[in-house]
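Spelled out, the chains give:
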Amino acid sequence: MPEVTVPEGDNGLITVCGDTHGQFYDVLHIFEKNGFPSKEHTYVFNGDFVDRGSWSTEVIILLYLLKLKNPKNVMLNRGNHETDSMNVAYGFSGECKAKYTEKVFKAFSESFSSLPLGALIE
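This is a predicted model, so every value here is computed, not measured.

Draft legend 1. Up close: the nonpolar core. Within the largest apolar cluster, 22 residues are counted, with the highest numbers of intra-cluster contacts made by Phe31, Phe45, Phe49, Ile60, Leu76, Phe92 and Phe112. At the level of secondary structure, the elements contributing two or more residues to this core comprise α1 (24-34), β3 (41-46), α2 (56-69), β4 (74-77), α4 (92-99) and α5 (102-113). For phenylalanine 92, the residues in contact, after removing those within four places along its chain, are Val50, Asp51, Ser56, Thr57, Ile60, Asn87, Phe105, Phe108 and Phe112.

Draft legend 2. Representation of the pairing of strand β2 (residues 13-17). The pairing of β2 with β3 spans five bridges and is classified as parallel. For isoleucine 14, the partnering residue across the bridge sits in β3 and is threonine 42.

Draft legend 3. Region of the structure containing α5. Taking 1.5 Å as the rise per residue, α5 with 12 residues should run 16 Å; its terminal C-alpha atoms sit 17 Å apart, in good agreement. Those residues of α5 not exposed but buried are Phe105, Phe108, Ser109, Ser111 and Phe112. Down the axis of α5, the buried side of the element spans an arc of 165°, and every buried residue falls inside it. Opposite the buried face of α5, by more than 90 degrees, sit the exposed residues Lys103 and Glu110. Contacts made by the buried residues of α5 are with α2, α3 (84-90) and α4.

Draft legend 4. Representation of the sheet that holds β4. Strand order in the open sheet formed by three strands is β2-β3-β4, with parallel pairing between adjacent strands. Every other strand in the sheet has two partners, leaving β2 and β4 as the edge strands with one partner each. The sheet shows a mean angle of 10° between the axes of neighbouring strands, taken without regard to direction. The pairing of β3 with β4 spans four bridges and is classified as parallel. Residue pairing for β4: phenylalanine 45 is matched across the bridge by leucine 76. Here α1 sits on the sheet and contacts β2 and β3; the angle it forms with β3, its principal contact strand, is near 155°. The sheet strands contacting α2 are β3 and β4, and the helix crosses β4 at an angle near 135°.

Draft legend 5. The arrangement of the packing of aromatic side chains in detail. Evaluated as defined, the whole model comprises 11 aromatic pairs. Note on tyrosine 43 and phenylalanine 45: the rings are 5.7 Å apart at their centroids and 10° apart in plane angle, and the pair reads as stacked. Just as tyrosine 43 is buried, phenylalanine 45 falls in that class too. Three or more aromatic residues link up through ring pairs in this structure, and these residues are Tyr64, Phe92, Phe105, Phe108 and Phe112. The ring of tyrosine 90 has arginine 52 lying over it, and the distance from NZ or CZ to the ring centre is 5.3 Å.

Draft legend 6. Examining the pattern of salt bridges more closely. Applying the stated criterion across every chain, the model contains four salt bridges. Residues lysine 99 and glutamate 58 are paired through a salt bridge, measuring 3.0 Å at the closest nitrogen-oxygen approach. With lysine 99 in helix α4 and glutamate 58 in helix α2, this pair connects stretches of sequence that are 41 residues apart. Residue classification places lysine 99 among the partly exposed positions, given a relative accessible area of 34%. Glutamate 102 serves as the salt-bridge partner of lysine 97, at 3.1 Å between the closest nitrogen and oxygen. Given the relative accessible area of 38%, lysine 97 is considered partly exposed. Through salt bridges with shared partners, a single ionic network connects Glu58, Glu95 and Lys99.

Conventions adopted
- Residues numbered from 1 in each chain as written.
- Predicted model: local features only at pLDDT ≥ 70, side-chain atom pairs only at ≥ 80, totals over all residues.
- Heavy atoms only, no water.
- Core = buried A, V, L, I, M, F, W, Y, C linked by side-chain atoms within 4.5 Å.
- Buried < 20%, exposed > 50% of the residue type's maximum accessible area, 1.4 Å probe, protein only.
- Helix = DSSP H or I, 4+ residues; strand = E, 2+ residues; numbered from the N terminus.
- Contact = heavy atoms within 4.5 Å.
- Pairing = 2+ DSSP bridges.
- Expected span 1.5 Å × (residues − 1).
- Arc of directions from axis to C-beta.
- Axes fitted to C-alpha atoms, helices over the stretch in contact; angles between N-to-C directions.
- Phe/Tyr/Trp six-rings, centres within 6.5 Å; stacked < 30°, edge-to-face > 60°.
- Lys NZ or Arg CZ within 6 Å of the ring centre and 35° of its normal.
- Salt bridge = Lys/Arg side-chain N within 4 Å of Asp/Glu carboxyl O.

Shown next, in the form of structure tokens:
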């Protein structure tokens, strides 16, 4: 299980979020209120990034980009909505196909399979 440490120092913060469900503007609001990930601020996202909302692809692309930029300070855990059956039932599959292609959906699906199911916060 991956381990997450709270950044050192008096200003070290950790924010745990979950269930953004494709609500891109809610995700932006979280960052507006709490700040973006940095060396001093770690985020743990506990899955359910996609489905239901109209902006699921934008949410997951943003989170993946933040993970690439801040690999030690962004943790993405897999939720039950990061499965093919849920993606078909709740709309992420259709959103990917409408905005992009089936190939893009399959790439997201494969990437979701590699996410951990949880993390241990010191």
